[in-house]
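A look at the structure
Each chain, written out:
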Amino acid sequence: MSRRLAPVATAATAPAVRTLSLGAGVQSTTLLLLSALGELPRLDCAIFADTGWEPKKVYEHLDRVEREIAKPAGIPILRVSSGNIRNDALDPSHRFASMPLYILNQDGSPGMTRRQCTGEYKIKPIKRQVREILGYPYPERIPAGIFAEQWIGISTDEFHRAKDADVKYTRNRFPLIELGLSRGDCLGLLAEHGLESTPKSSCLGCPYHGNAQWRAIRDGDPEEWVDVVDFDAQIRAGNARANADGRPLLGQAYLHRSRVPLSAAPIDRLTRREQLALEERLAADEAEFGPADGCSPYSCRSGDPAA
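What comes next is a walk through the structure. Since the model is a prediction, treat every value here as computed from it, not as a measurement. (Residues numbered from 1 in each chain as written. Predicted model: local features only at pLDDT ≥ 70, side-chain atom pairs only at ≥ 80, totals over all residues. Heavy atoms only, no water.)

Some details on the pairing of strand β3 (residues 77-80)
Short version of the rule: Pairs of strands are assigned from DSSP output, requiring at least two bridges between the strands. By the criteria applied, helices consist of DSSP H or I runs no shorter than four residues and strands consist of E runs no shorter than two, each listed in order from the N terminus. Whether a crossover is right-handed comes down to one check: with the strands pointing away from the viewer, does the path from the first strand over the helix to the second run clockwise; if it does, it is right-handed.
As defined by bridge partners, strand β2 (residues 45-49) adjoins β3 across four bridges and the pair is classed as parallel. Within β3, the residue paired with A49 across the bridge is V80. After leaving β2, the chain enters helix α2 (residues 56-70) and then returns to the sheet as β3, a path that is right-handed.

Concerning the sheet that holds strand β7 (residues 170-173)
Quick reminder of the rule: Comment: axis = line fitted to C-alpha atoms, over the contacting stretch for helices; angle = value between 0 and 180 degrees taken between N-to-C directions. The contact criterion used throughout is that any non-hydrogen atoms of two residues lie within 4.5 Å.
Taken together, the five strands give an open sheet; going across it, the order is β3-β2-β1-β6-β7, and neighbouring strands pair in parallel fashion. Every interior strand has two partners, whereas the edge strands, β3 and β7, have only one. For this sheet, the mean inter-axis angle between neighbouring strands, taken without regard to orientation, is 30°. In this fold α2 packs onto β2 and β3, with an angle of close to 155° to the strand it touches most, β3. Against the sheet, helix α4 (residues 117-134) makes contact with β1 (17-21), β2, β3, β6 (148-152) and β7, and its axis sits at roughly 145° relative to β2, the strand it touches most.

Looking at the side chain of R215
Mapped onto the secondary structure, R215 falls in helix α7 (residues 211-220). Ignoring anything within four residues of it in the chain, the contact list for R215 reads G220, I267, D268, R269, L270 and E274.

Examining the side chain of Q27
Definition in use: Each polar contact in these results corresponds to two N or O atoms within 3.5 Å; when the atoms are within protein, one needs to be able to donate a hydrogen and the other to accept it, and residues that are neighboring in sequence are counted only if both atoms are side-chain atoms.
Here Q27 is to be found in helix α1 (residues 26-36). Within the local environment of Q27, its side chain forms a polar contact with the side chain of R183, the two groups lying 3.3 Å apart. If we skip the residues at most four places from it in the chain, Q27 touches G153, S155, E158, L176, R183 and C186.

Observations concerning the sheet that holds strand β5 (residues 110-112)
Taken in spatial order, the three strands of this open sheet run β5-β4-β8, and their pairing is antiparallel. Each edge of the sheet is formed by a strand with only one pairing partner; in this case those strands are β5 and β8 (252-254). Neighbour-to-neighbour, the strand axes of this sheet turn through a mean angle of 35°, independent of strand direction.

Description of the packing of aromatic side chains
Applied cut-off: Stacked, edge-to-face and tilted are the three classes for Phe, Tyr and Trp ring pairs, Trp counted by its six-membered ring, which pair at centre distances within 6.5 Å; planes under 30 degrees apart are stacked, over 60 edge-to-face, the rest tilted. Buried, partly exposed and exposed residues are distinguished by accessible area as a fraction of the type maximum, computed with a 1.4 Å probe on protein chains only: under 20%, between the cut-offs, and over 50%, respectively. By definition, being over a ring means that NZ of Lys or CZ of Arg is both within 6 Å of the ring centre and within 35 degrees of the ring normal.
In this structure the tally under the stated criterion is one aromatic pair. Ring centres of W53 and F231 lie 4.8 Å apart, and the angle between their planes is 55°; this geometry places the pair in the tilted category. In this pair, W53 is assigned in the loop between β2 and α2 and F231 in helix α8 (residues 222-239), connecting sequence segments 178 residues apart. Judged by its relative accessible area of 0%, F231 is buried. In this structure, R171 packs its charged tip against the face of F147, placed 3.7 Å from the ring centre.

Structural notes on the environment of L32
Positionally, L32 belongs in helix α1. For L32, a relative accessible area of 0% translates into the label buried. Measuring from C-alpha to C-alpha, the distance between L32 and W151 comes to 9.7 Å, with 119 residues separating the pair along the chain. Filtering out sequence-adjacent residues up to four positions away, L32 remains in contact with L20, L22, L43, A46, V65, I69, A70, I75 and I77.

Here we look at the nonpolar core
So the rule is basically this: Definition used in this section: a nonpolar core is a set of buried Ala, Val, Leu, Ile, Met, Phe, Trp, Tyr and Cys residues joined via side-chain atoms within 4.5 Å.
Formed by 26 residues in total, the largest nonpolar core has its most connected members in L20, L22, L32, L62, V65 and I77. At the level of elements, α1, β2, α2 and α6 (183-192) are the ones that each hand at least two residues to this core. Non-local contacts of I77, meaning those with residues more than four positions away in its chain, are made with L22, L32, A46, F48, L62, V65, E66 and A70. Within the second largest apolar cluster, 24 residues are counted, among which are A89, M99, L101 and I235.

Re α6
To be explicit about the condition: Note that the arc is defined by the directions from the helix axis to the C-beta atoms.
Restricting attention to buried positions, one finds in α6 the residues C186, L189 and L190. Axial view of α6: buried residues confined to an arc of 100°, hence all on one face. The secondary structure elements touched by the buried residues of α6 are α1 and α5 (175-179). Positive phi appears at G194, one or two residues downstream of α6, with a value of about 75°.

A look at the packing of α1 against α6
Short version of the rule: By definition in this entry, angles of less than 35 degrees are roughly parallel, angles greater than 145 are roughly antiparallel, angles of 65 to 115 are roughly perpendicular, and the rest are oblique. If you view the pair so one helix is near and one far, a crossing is left-handed when the near helix is turned anticlockwise from the far one by less than a right angle, and right-handed when it is turned clockwise. Under this grouping Gly is polar, as are all residues other than the nonpolar Ala, Val, Leu, Ile, Met, Phe, Trp, Tyr, Cys and Pro and the charged Asp, Glu, Lys and Arg.
Running from N to C, α1 and α6 point in directions that differ by 55°, and their axes come no closer than 9 Å. In terms of orientation, α1 and α6 fall into the oblique class. As for how α1 packs across α6, the hand of that crossing is left-handed. Contact with α1, carried on its side by V26, Q27, T29, T30, L33 and L34, involves R183, C186, L187, L189 and L190 of α6 and no other residues of that element. Taken together, the residues of the contact of α1 with α6 break down into seven nonpolar, three polar and one charged.

Some details on the environment of H209
Its location among the elements puts H209 in the loop between α6 and α7. The class for H209 is buried, based on a relative accessible area of 4%. The spatial distance from the C-alpha of H209 to the C-alpha of H256 is 8.0 Å, given a sequence separation of 47 residues. Residues contacting H209, with those up to four places away along its chain left out, are S202, C203, L204, W214, I217 and R257.

Put into structure tokens, the structure is as follows:
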């Protein structure tokens, strides 16, 4: 199927470069793949903002798509960073962009710290790289009319996240929405090209993880589980701060929404969303493979058991 984006720029307003904000997750990997296949315009580069604390699977996936998809298509992947979010969060001498930690206040009430980490560790280094690509590194002024077209991997099922850039030298574009592609469509396209194992992109110790993600870390990589459990304990040992000013939190900080230590958090309990997803998956499996209990001559499902 040939996919084409509608033109948005005339010759007088054409972008200087076309870049991809590459998170190495499902949607952004789909955009990289479609560009490499020639089904979307060719990207000048893809930019991966490394927090320094991504899961091993994300780094492995990034290496693979660079080797098998980007390089053969002549699309460079630029890796940029503002530091290591884990180390910075625990370093009292470092300017701290707070993670969205769950807080148990001194009076027992729940709270949550502001999320500043995305801006500091994702958006800021990408902006810096775009300026350098355009030839106007900070603090140089970028002339009017010079801009980068930046693709962002947001699909139709999350269209509400699509927003304009907050700087004039970048114009955001959302090709998946323009093409009418959902996350499910992206998964299907990736599977067609052997990329069905594309991971979800997020920091290893992101407090927004659901129980399924915490279980995947615990059951899939013992070293990473020890790492996040240790981090969770350290943020209650006087190492978590409220903001960039370095003020300590007045309450206790946790990675899990239950506000108990991650090592004891109820991550084996399915949330309502997880339960519904499991039921839908089981129903789909039965439609494809038949009921899981099998069928013997003495217990045929088409009638009563034989005497």
